[in-house]
Amino acid sequence: MNYRLLLIGLLSLCFCACQSKKTFDTTPSTNAYAEGFAIAQENDGVRLVIFSPQNREQIQGEYFIPNDKPYQRLATTSATHIGFLAALTDSMPVAGVCDPLYIYNKVSAHDLGSSLNLDAERIIACGADALILSYTADDKSIDLLQQMGISIIYNNEWTERHPLARAEWIRMMGAVTGHLREADSIFSHVRNAYESLVAQSQSDAQPSILSGNCWQGTWYVPGGDTYMARLFRDAGAQYAYSKNTSSESIPLSFEQALIDFRDADIWVGAPGHTLDELAQLDEKHTWFKAYQTGRVYSFSRRSNGAYANDFWESGVVHPELILSDLQHIIRQDNDSLLYFTQRLE
C-alpha cells in the first residue's frame, strides 16, 4: 500500500512540474479496504490510479478528472457499474450499456451489444466520453475508441476478495462522475453497517453452510479466500472450505460435495424458485439435509424473472444487506426480513 501511495504522490508531482500554473494537494485519499485503486485530491480535480489485477505494483490506468468537467456520458460493460451509479445519483450519466437484459435498475441508454465482443461503432455513436471496462480487453476496438477520444476506465471491483473492498469501488465511480463526496458518504454508511453486523454475529450458533449447485456433474464452491467465503465467515456460519487459501471457485465432483456438505444446515445460492424445481434439475439435490429440512435459499428475491438480478448489481454496493440476509437465515428469523434472498418452498 505504501508503494502505491508514494507512486500517486510522484505522479502528481510530475504532473505539477509539467503544469507550472497549477498547484496540487498531493495527499492521497486512502482506501479502508480496496487495493485495486487509489485517489489523490488536487486543487482543481481528482487524480485516479487503477492498479493491475495481476500485479498491484503496476498501474493499469491513470486519469485526471477536473472538478468542473467530470465524465458525463458513460458506456458501461457490467451490471455492477449500474449498481454503483444508481446509488450515487438519480440521473445516471449513462449513454450506453452492454448486455441490457442483465440490468435490474431501470436505465435509459443505448444497447451496446455484448460486453464480450465490444462494438466500437455503437459505443462511438452513443456519444460516450468514457467506457467503464471490467476486464482487460485485447481488442482493436479499445485502440479505436481511444483514438476517438473516449477514455477507457478500468473497474476491477470483481477482483477484490473482501465484500467491503468491492463496495469501496463506489469511490472510484464517484471520482469519475464528480460525486466523490457522495460516494464517501455512502461507503462510510455501508462500512459502519457491515462492521456492526459482524460484531453481532453469534459465535455460539455457527450452523454449517453449503453454496451453489451441481451442474453437469461438477459442484463449484467458493474458495476460502473469496468474497462469498468471507460473507459466510462474517455472518457466523461454518464453512467446510473456510481454511482453504484459494481466491477462486473450487470444482468438486458430486461425490465430494456430498461428503463435505451432506449434513450442512443451510444451503444458499441454489438455482430455481421451488424445491420441486431444484429436484427436477437433479434428483441428487434432494440427498442433502438442507433440502430435506427446507432450509434452501436462492439470491433471487430481487430479480425480474429473466436474466437481471439485483443481487449482482446493488449487492456489490451494499454487502451489509447480503450479510444481514445471511444472519437472518442463520437465526431462522422471519423470511419477510430478507432483502436479496428468498426461501425455496
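Up top is the structure.
About the thresholds
Residues numbered from 1 in each chain as written. Predicted model: local features only at pLDDT ≥ 70, side-chain atom pairs only at ≥ 80, totals over all residues. Heavy atoms only, no water. Helix = DSSP H or I, 4+ residues; strand = E, 2+ residues; numbered from the N terminus. Buried < 20%, exposed > 50% of the residue type's maximum accessible area, 1.4 Å probe, protein only. Contact = heavy atoms within 4.5 Å. Phe/Tyr/Trp six-rings, centres within 6.5 Å; stacked < 30°, edge-to-face > 60°. Lys NZ or Arg CZ within 6 Å of the ring centre and 35° of its normal. Core = buried A, V, L, I, M, F, W, Y, C linked by side-chain atoms within 4.5 Å. Patch = residues over 30% accessible without salt bridge, like charges linked within 9 Å, V, L, I, M, F, W, Y side chains within 5 Å. Areas by Shrake-Rupley, 256 points an atom, 1.4 Å probe, with all protein chains shown as cover. Salt bridge = Lys/Arg side-chain N within 4 Å of Asp/Glu carboxyl O.

### A word on the overall build of the protein
Tallying secondary structure elements over the protein gives 13 helices and 17 strands in all. Counting only residues that meet the buried cut, the protein has 52% of its 345 residues in that class. For the protein, contacts bridging at least 24 residues in sequence account for 58% of all contacts bridging at least 6.

### Digging into the packing of aromatic side chains
Under the criterion given, the structure shown has 16 aromatic pairs. Where Phe299 meets Phe311, the ring centres are 4.2 Å apart and the plane angle is 10°; that geometry is what we call stacked. With a gap of 12 residues between them, Phe299 in the loop between strand S16 (297-298) and helix H12 (314-317) and Phe311 in the loop between S16 and H12 connect regions that are remote in the sequence. A relative accessible area of 11% means that Phe299 is categorised as buried. With relative accessibility at 2%, the residue Phe311 sits in the buried group. Directly above the aromatic system of Tyr227 lies the positively charged group of Arg166, at a separation of 4.1 Å from the ring centroid. Its end group placed over the ring of Phe254, Lys284 keeps NZ or CZ at 5.2 Å from the ring centre.

### Considering the nonpolar core
One finds Leu131 and Trp219 to be the most contacted residues of the largest nonpolar core, which totals 97 residues. Broken down by element, the residue count for this core peaks at seven residues, all from helix H7 (residues 180-200). Not counting chain neighbours up to four residues away, the residues in contact with Leu131 comprise Ala75, Thr77, Leu118, Ile123, Ile142, Leu145, Ile150, Ser151, Ile152 and Ile153.

### So, unusual backbone geometry
Even without glycine at this site, Gln216 takes up a positive phi of about 50°. With respect to the secondary-structure elements, Gln216 resides in the loop between strand S11 (214-215) and strand S12 (218-222). Classification of Gln216 as exposed rests on a relative accessible area of 69%. The backbone of Gln332 shows a phi angle near 60°, a positive value even though the residue is not glycine.

### Examining a nonpolar patch on the surface
Side chains of Leu101, Tyr102 and Tyr307 sit close together on the surface and give an oily, nonpolar patch of about 360 Å² of accessible area. Counting through the fold element by element, Leu101 comes out in the loop between strand S6 (94-97) and strand S7 (110-111).

### Let's talk about the pattern of salt bridges
Per the stated rule, a full pass over the model turns up 14 salt bridges. The residue Asp111 makes a salt bridge to Arg122 at a minimum N-O spacing of 3.8 Å. Pair noted here: Asp111 is in strand S7 and Arg122 is in helix H3 (residues 120-125), with a separation of 11 residues, a long-range link. Judged by relative accessible area, Asp111 falls into the partly exposed class, the value being 42%. Relative accessible area serves as the criterion here: at 39%, Arg122 is assigned to the partly exposed category. Residue Glu195 pairs with Arg191 through a salt bridge whose shortest N-O separation is 3.1 Å. Of this pair, Glu195 and Arg191 both sit in helix H7, four residues apart, which is roughly one turn of the helix. Judged by its relative accessible area of 31%, Glu195 is partly exposed. Connected via shared salt-bridge partners are Glu42, Arg47 and Glu62.

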